[in-house]
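# Coordinate inspection notes
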Amino acid sequence: FMLPDSIQKATKYIYHALENDKNSYGFFVKSRIHQLQKEYDKSIAYLDSAYIFSRNINDRATITSNFSKLCESIKDYERANKYNKQLILLKDSIYKQRQQNNIRGIMAQNEFEFREFLFRQKITYFIFITSILICICIGIYIFFKFRSNKIKAKVLENQLLINHL
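I will try to describe carefully the structure that is included in this document. (Residues numbered from 1 in each chain as written. Predicted model: local features only at pLDDT ≥ 70, side-chain atom pairs only at ≥ 80, totals over all residues. Heavy atoms only, no water.)

## Focus on a nonpolar patch on the surface
- Together, Tyr125, Phe128, Ile129, Ile132, Leu133, Ile136, Ile140, Phe143 and Phe144 make up an exposed nonpolar region whose accessible area comes to about 920 Å².
- You can see Ile140 is positioned in helix H5 (residues 77-164). (Patch = residues over 30% accessible without salt bridge, like charges linked within 9 Å, V, L, I, M, F, W, Y side chains within 5 Å. Areas by Shrake-Rupley, 256 points an atom, 1.4 Å probe, with all protein chains shown as cover. Salt bridge = Lys/Arg side-chain N within 4 Å of Asp/Glu carboxyl O. Helix = DSSP H or I, 4+ residues; strand = E, 2+ residues; numbered from the N terminus.)

Structure below.
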């Protein structure tokens, strides 16, 4: 626990540091200081400001949770219940947002895998067609080589016959 003068000094430093910087974290810290000092009205006012300046849903959930706890500590149960309901809605939104992000990630992964599959399939077709063309070329080469050898053999045979006669 902090001693009262250390709380005053910390408050003074924080107020000075956050004088021109309006952000949810600064207001949240100021709220916590006033809560420790049992200045609940000021604490609630700073939590309101923190909520207004909060930029993302996770910060809003944290601030709403603190609103609820603060209201419970001052025995304002009706207000605490209101903040708990709001917190449930925020957490549902966070959950839905995470689910949507997960679904987008899975869809992106599936799209990547599908494109990779198509690329591999194209490469396989290319290799297959190239192999067929090479086989056809080799076949044509062998055919013409055989034919040329056959023609040469006939020419030699004819020359031998002519020379023997």
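Moving on, there is more to tell.
## Brief notes about the nonpolar core
- Residues Phe27, Phe28, Ile44, Tyr46, Leu47, Ala50, Ile63, Phe67, Leu70, Cys71, Ala80 and Tyr83 constitute the largest nonpolar core, which totals twelve residues.
- Among the elements of the structure, helix H2 (24-36), helix H3 (40-53), helix H4 (57-73) and H5 are those that each provide at least two residues to this core.
- Beyond its immediate sequence surroundings of up to four residues, Tyr83 is in contact with Thr64, Phe67, Ser68 and Cys71. (Core = buried A, V, L, I, M, F, W, Y, C linked by side-chain atoms within 4.5 Å. Buried < 20%, exposed > 50% of the residue type's maximum accessible area, 1.4 Å probe, protein only. Contact = heavy atoms within 4.5 Å.)

## What to know about the pattern of salt bridges
- One pass over the full model with this rule turns up three salt bridges.
- We note a salt bridge from Glu111 to Arg115, for which the minimum N-O separation is 2.8 Å. Separated by four residues within a single helix, Glu111 and Arg115 lie in helix H5, roughly one turn from each other.
- The class for Arg115 is exposed, based on a relative accessible area of 56%.
- Arg120 is paired through a salt bridge with Glu116; the nearest N and O atoms lie 2.9 Å apart. Separated by four residues within a single helix, Arg120 and Glu116 lie in helix H5, roughly one turn from each other.

## As for the packing of H4 against H5
- Put simply, H4 and H5 touch, their axes get as near as 8 Å, and they point 160° apart. The pairing of H4 with H5 is recorded here as roughly antiparallel in orientation. Like other packed secondary-structure pairs, H4 and H5 cross with a definite hand, here left-handed. Only Tyr77, Arg79, Ala80, Tyr83, Asn84, Gln86, Leu87, Leu90, Ser93, Ile94, Gln97 and Arg98 of H5 make contact with H4, whose side of the interface consists of Ile57, Asn58, Arg60, Ala61, Thr64, Ser65, Phe67, Ser68, Cys71 and Glu72.
- Looking at side-chain class alone, the contact of H4 with H5 contains ten nonpolar, eight polar and four charged residues. (Axes fitted to C-alpha atoms, helices over the stretch in contact; angles between N-to-C directions. Parallel < 35°, antiparallel > 145°, perpendicular 65-115°, else oblique. Left-handed = near helix turned anticlockwise from the far one by under 90°. Nonpolar A, V, L, I, M, F, W, Y, C, P; charged D, E, K, R; others polar.)

## Things to note about the environment of His16
- Within the secondary structure, His16 is located in helix H1 (residues 4-17).
- Taking C-alpha positions, His16 is 33 Å from Lys82, a pair spaced 66 residues apart along the chain.

## Topic: H3
- Spanning 14 residues, H3 covers 20 Å between terminal C-alpha atoms, matching the ideal 20 Å at 1.5 Å per step.
- The set of residues buried in H3 consists of Ser43, Ile44, Tyr46, Leu47 and Ala50. Buried positions in H3, seen along its axis, are confined to an arc of 165° and lie on one side of it. In this structure, H3 carries Asp41 and Ile52 as exposed residues pointing more than 90 degrees from its buried face. (Expected span 1.5 Å × (residues − 1). Arc of directions from axis to C-beta.)

## Topic: the side chain of Asn66
- Its place among the elements puts Asn66 in helix H4.
- Every residue in contact with Asn66, bar those within four places of it in the chain, is listed here: Phe28, Arg32 and Leu47.

## What about unusual backbone geometry?
- With a phi angle near 65°, Lys75 is a residue other than glycine that sits in the positive phi range.
- Position of Lys75 relative to the elements: it lies in the loop between H4 and H5.

## Describing the packing of H2 against H4
- One way to put it is that H2 packs onto H4 with a least axis distance of 12 Å and a crossing angle of 15°. Classified by the angle between their axes, H2 and H4 sit roughly parallel to one another. Crossing geometry of H2 relative to H4 is assigned as left-handed. Contacts from Ser24, Phe28, Arg32 and Gln35 in H2 reach Asp59, Thr62, Ile63, Asn66 and Leu70 in H4.

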